[in-house]
Amino acid sequence: MTGVASLPQTPYDASDCLLVSHENGKQFMRAEFGLKSDEASTESQAFTLIKKAIEESCPYRFVLLDLDDPTLYVGRFISKLEKLLENEGNDEISIDVYACSENNSEQMIKKC
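In every chain, residue numbers begin from 1 and rise along the written sequence. Per-residue local features of the predicted model are confined to residues with pLDDT of at least 70, and side-chain atom pairs are confined, for both listing and counting, to 80 or more; whole-chain, interface and lining totals are unaffected and use all residues. Remark: hydrogens and water are excluded; side-chain values derive from all non-hydrogen atoms of the structure.

J.: Help me out: how do you make sense of the overall build of the protein chain in this one?
T.: Counting from the N terminus, the helices are the DSSP runs of H or I reaching at least four residues and the strands are the DSSP runs of E reaching at least two. Per the secondary structure count, the protein chain includes four helices and four strands. Out of the 112 residues in the protein chain, the part that is buried amounts to 35%. Contacts were defined at the residue level, with two residues in contact if any of their heavy atoms lie within 4.5 Å. In the protein chain, the share of contacts with a sequence separation of at least 24, taken over all contacts with a separation of at least 6, comes to 61%. Residue-level accessible areas treat just the shown protein chains as cover; the underlying method is Shrake-Rupley with a 1.4 Å probe. When the accessible surface of the protein chain is split by element, carbon and sulfur atoms take 49% of a total near 7800 Å². Only protein chains enter the accessibility calculation, which uses a 1.4 Å probe; a residue is then buried when its area is under 20% of its type maximum, exposed when over 50%, and partly exposed in between.

Dropping the structure here:
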């Protein structure tokens, strides 16, 4: 089919996405969306996994951040990811970042 955009396919054993600070998110992503995912409990661990995936030529298609984690700052995370992807050899890689929260408070809205 021409003219139809699709996400690049990941190798069979590679993960589609990285979940940051999401407890038990792997089962949900597999069951609800058919996506294989890795989990990181901290921002530091997330960047270790992102760098490893890039080195193995299997970058994540997207990263999902948990806004309920007070140690995660979306702006800082995105800035660090942009710097990583600006490095020589990574300019063709695109990783989307999404954030979600179970909390719908005004404070959470201001954090975004």
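J.: Would you mind going over the confidence of the model for the protein chain with me for this structure?
T.: Caution applies to low-pLDDT parts of the model: their predicted coordinates are not meant to be read in detail. Note on scores: pLDDT gives the predictor's confidence for each residue, bounded by 0 and 100. Here the protein chain averages 81 in pLDDT, while 80% of its residues score no lower than 70. Looking at the elements of the protein chain, mean pLDDT is at its lowest for helix H4 (residues 106–111), recorded as 58, and at its highest for helix H2 (residues 43–55), recorded as 95. Below a pLDDT of 50 lies the segment residues 1–12, which in the model reaches six contacts outside its immediate sequence neighbourhood of four places, other chains included.

J.: Mind showing me how you'd approach H2 here?
T.: Residues lying three or four places apart along an α-helix face the same way, a consequence of the helix completing one turn every 3.6 residues. Multiplying one less than the number of residues by 1.5 Å gives the expected span of a helix. With 13 residues, H2 extends 18 Å between its outermost C-alpha atoms, agreeing within 8% with the 18 Å of an ideal straight helix rising 1.5 Å per residue. If you check which residues of H2 are buried, you get Glu43, Ala46, Phe47, Ile50, Ala53 and Ile54. Down the axis, H2 shows its buried residues gathered within 125° of arc, on one side only. In H2, the exposed residues that point more than 90 degrees away from the buried face are Ser44, Thr48 and Glu55. Elements in contact with the buried residues of H2: strand E1 (17–20), strand E2 (37–40), strand E3 (62–66) and helix H3 (74–86). Looking one or two residues past H2, serine 57 carries a phi angle of roughly 60°, positive in sign. Working definition: the arc comes from the directions between the helix axis and the C-beta atoms, pointing outward to the latter.

J.: What should I look at first to understand the environment of aspartate 66 in this one?
T.: Following the sequence through the fold, aspartate 66 ends up in strand E3. Taking the C-alpha atoms as reference points, aspartate 66 and serine 101, 35 residues apart in sequence, are found 6.0 Å from one another. Each residue touching aspartate 66, except ones within four places of it in the same chain, is listed here: Val20, Ser21, His22, Leu72 and Cys100.

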